[in-house]
Amino acid sequence: MSTIENWRALLGERNPDEVVTKALVRDVQLPGGAGTMALITLDNGFDHTKPNTFGPLGLFALDEALTEIAGRSDLAAVGVTGKPFIFAVGADLKGAAALRTREEALAIGALGHHVFRRLGELDLPSFAFVNGAAMGGGLEVALHCTYRTISSGVPAVALPECFLGLVPGWGGTQLLPRLVGPAAAIKLIIENPLAQNRVTKGADAFALGVADAMFEPADFLEESLRWASRVLKGEVTVERAAHDGWEKAVADARFLVDMKLRGASPAPYRALDLIAMAETASRDEGFAAEDEALADLLTGDELRAGLYAFDLVQRRAKRPAGAPDKALARKVTKVGVVGAGLMASQMALLFARRLEVPVVLTDLDQTRLDKGVGYVHAEADKLLAKGRISADQANRLKSLVTGSLTKDAFADADFVIEAVFEDLAVKKQVFAEVEAVVPAECVLATNTSSLSLTEMGADLAHPERLVGFHFFNPVAVMPLLEIIRGAATDDATLATAFAVGRTLRKSSVLVKDAPAFVVNRLLTCFMGEVVAAVDEGTPLEVAEHALDGLGLPMTPFALLQLVGPAVGLHVAETLHAAFPDRYGVSANLAKLVAAGKPGVYLPDFTLDPEAVAFFAGGDRPSTAEEVRERVLRALAREIRIMLDEGVVAAPQDIDLCMILGAGWPFHLGGITPYLDRTGIAQPRFLPPGVASVPA
């Protein structure tokens, strides 16, 4: 049998539910008499909400189209474009999860290379017309072509494989660095995926050199065909620059990956090795190395974990468990924010920008109020300077945010959120004052990170309209919103909160009114065990780095410094009051707070000897392994209790909260499947297979 037949026999029925992306071929007469182009349109038959992907059947379809084209003698060129708004977004992830053997993994890598490279190895020039989102294998299709144009309206160009525990395995690590240089390639292949899977817009991709020409969306294909005609007639010459600096670019990137992951995830390191290889390797050698890397990674735990986490973020986050009927949500036409500190100002900016309604800040101090409103205006100017909003949008944003020294300004507000000091008595007083002036159906929201909503609303005339609306800092960046239902919160209030969260572009999770909710409860558990180990005599440096192997976004004491020791102490005290048998309060941490220290680190990130001295004196030191085991067992115990208490609907919601609110690494999947895999969770949190294949 031929190689294609072997691949068909091995892969053809692996995923019977594959949504096949067809390669639809039509002849196009190029302008100016440049000849006939066979234009391939990638189309899976659905609209843009179901993007084109490549499984084995889609690859076979493209191969058949290219075989037909290769047999013709009347063509001047071949072109590839996508259906409206979508070029292609890569491999079929469900199909990838269905691969079970290394032989199958090697085959899917080799098949993709075989098909895609034909675009660059035909006797005809090939053109990719990137009309919409191009990610993963979709971008690699374009890279195999001789020339590329891109629409300025393309919302996403990316190679996200490292985010999922893979490498670009259909030519990306070899072709992209040769095209744009190693540093720019590393940005797309490694840096962006590790920065919360950041994507690049069409114009920025063009500026990096990914495409040779850029045109506006309205007449993108027509202009692309005209440009292709000029290239074929010799009126336009595309120069390909040589690139140097490979060794430094790779070394610098390796240092950054080490800082971020500390060796915890193999995929970025494999990608760096492949990029380094691209400087001198032949195409055959480079593609074979990609096949080997894919074979290793496709059958590993990291991909299964990454796909599980990806599925949570892409699906469960968009359909929050337990959210009421959307039809119950009330319209929000004005927002009030109590407080004018940094958190309050960040919230005001987000509400004004996303809801596009008036937002009024209140505070008792005019200077503080002016500073809060001034922050919003300054941020609007920054957005304008970066080209993210127009001058008209900046002016409108500024006009929407105002300040007031009295809460009478909330008289016509539909949604009022407080961001004052984390003290129950203070918050109760605030809501008593707000309730006296707002309309009957105004939602009262609290940004509390740990306090009881039920207690907070105990003295309200209408506690049913109080809801928890817990942001994470920085507000504009962190995607999670914990929405907390108090004992009296009604469905209309809750539905309004979820509707506002969607408009703010946040991923909302419904949480029961329980101490510190989800993220802060688990982070306090995590921190408490590390600090307790240090209090007992474990050297701070040992405890601080005991969990480095997980690749967490920051070490425990660095996290404590970020949130502030006083805040950490306050949450620990709240949880100790609720669960004295499981949460302690470190006397040494209290000393650190009393001394006014910002943490254990100096501004240059070296340890502060004075701060470290507060934790000296214990006589029962632990090893790093013992600290790690202690922390993970405590987390497993606490998650089990939280699920038994019904704090969230399911383990998947714990995972979603930790991924989006605490930066739990994608390469580990969620925290519950990780604890399952390590054997620490007994019994398992998730049924067998749930964390291996997307639901």
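Please read these numbers as outputs of a predicted model, since none were measured by experiment. (Residues numbered from 1 in each chain as written. Predicted model: local features only at pLDDT ≥ 70, side-chain atom pairs only at ≥ 80, totals over all residues. Heavy atoms only, no water.)

Caption draft 1: Inspection of the overall build of the protein at higher detail. The helix and strand tally for the protein stands at 29 helices and 17 strands. Taken over C-alpha atoms, the radius of gyration comes to 28 Å for the protein, in line with the 26 Å a tight globule of 695 residues would show. Each of the 695 residues in the protein was classed as buried or not, and the buried ones make up 56%. Considering only contacts within the protein whose residues lie at least 6 apart along the sequence, 75% involve residues at least 24 apart. Put simply, the protein shows about 28,200 Å² of open surface, and 55% of that area lies on carbon and sulfur atoms. The centroid of the 66 positive side-chain charges in the protein is displaced by 3 Å from the centroid of its 87 negative side-chain charges. (Helix = DSSP H or I, 4+ residues; strand = E, 2+ residues; numbered from the N terminus. Rg over C-alpha atoms; globule rule 2.2 N^0.38 Å. Buried < 20%, exposed > 50% of the residue type's maximum accessible area, 1.4 Å probe, protein only. Contact = heavy atoms within 4.5 Å. Areas by Shrake-Rupley, 256 points an atom, 1.4 Å probe, with all protein chains shown as cover. Lys, Arg positive; Asp, Glu negative; His and termini not counted. Charge placed at Lys NZ, Arg CZ, Asp CG, Glu CD.)

Caption draft 2: Main features of the sheet that holds strand E6 (residues 133-135). As summarised here, the arrangement of the three strands in space is E4-E6-E8, forming an open sheet in which the pairing is parallel. If you trace the sheet from one side to the other, it starts and ends with strand E4 (86-88) and strand E8 (157-158), each paired once. Of the pairings in the sheet, the one linking E4 to E6 comprises two bridges and is parallel in character. Note that in E6 the partner of Ala88 across the bridge is Ala134. (Pairing = 2+ DSSP bridges.)

Caption draft 3: Representation of the packing of helix H4 (residues 102-121) against helix H5 (residues 137-144). Taken N-terminus to C-terminus, the directions of H4 and H5 make an angle of 30°; their axes are 7 Å apart at the nearest point. On the basis of their axis angle, the class for H4 and H5 is roughly parallel. Between H4, through Phe116, Arg117, Leu119 and Gly120, and H5, the contact on the second element is made entirely by Gly137, Glu140, Val141 and His144. When its residues are assigned to classes, the contact of H4 with H5 shows three nonpolar, three polar and two charged. (Axes fitted to C-alpha atoms, helices over the stretch in contact; angles between N-to-C directions. Parallel < 35°, antiparallel > 145°, perpendicular 65-115°, else oblique. Nonpolar A, V, L, I, M, F, W, Y, C, P; charged D, E, K, R; others polar.)

Caption draft 4: Representation of the pattern of salt bridges within the structure. Under the defined criterion, the tally for this structure stands at 40 salt bridges. For Arg117, the salt bridge is made with Asp284, and the minimal N-O distance between the two is 2.9 Å. Pair noted here: Arg117 is in helix H4 and Asp284 is in helix H13 (residues 283-298), with a separation of 167 residues, a long-range link. In this structure Arg117 comes out as buried when scored by relative accessible area, which is 19%. Take Asp284: its relative accessible area is 51%, and that puts it in the exposed class. (Salt bridge = Lys/Arg side-chain N within 4 Å of Asp/Glu carboxyl O.)

Caption draft 5: Region of the structure containing the nonpolar core. Core analysis: the largest hydrophobic core is formed by 81 residues, its most contacted members being Ile40, Phe54, Phe87, Leu111, Leu176, Ile190 and Leu298. Not counting chain neighbours up to four residues away, the residues in contact with Ile190 comprise Cys162, Val257, Pro268, Ala271, Leu272 and Ile275. Membership of the second largest hydrophobic core comes to 74 residues, among which are Leu656, Ile671, Tyr674 and Ile680. (Core = buried A, V, L, I, M, F, W, Y, C linked by side-chain atoms within 4.5 Å.)

Caption draft 6: Layout of the packing of aromatic side chains. In the structure shown here, the tally under the stated rule is 15 aromatic pairs. Between Phe127 and Tyr147, the ring centres sit 5.0 Å apart and the planes meet at 25°, which makes this aromatic pair stacked. Taken together, the residues Phe127 in strand E5 (residues 126-130) and Tyr147 in strand E7 (residues 147-151) connect sequence positions 20 residues apart. With 5.7 Å between their ring centres and 80° between their planes, Phe557 and Phe615 make a pair best called edge-to-face. A residue pair is termed long-range when its members are at least 10 positions apart, and Phe557 in helix H23 (residues 556-563) and Phe615 in the loop between helix H26 (609-613) and helix H27 (624-645) qualify at 58 residues. Overall, the relative accessible area of 1% leaves Phe557 in the buried class. Under the relative-accessibility criterion, Phe615 is labelled buried at 4%. Three or more aromatic residues link up through ring pairs in this structure, and these residues are Phe127, Phe129, Tyr147 and Trp227. The lysine or arginine in question, Lys50, covers the ring of Phe46, its NZ or CZ lying 5.6 Å from the ring centre. Residue placement shows Arg582 over the ring face of Phe579; its charged tip is 4.4 Å from the ring centre. (Phe/Tyr/Trp six-rings, centres within 6.5 Å; stacked < 30°, edge-to-face > 60°. Lys NZ or Arg CZ within 6 Å of the ring centre and 35° of its normal.)

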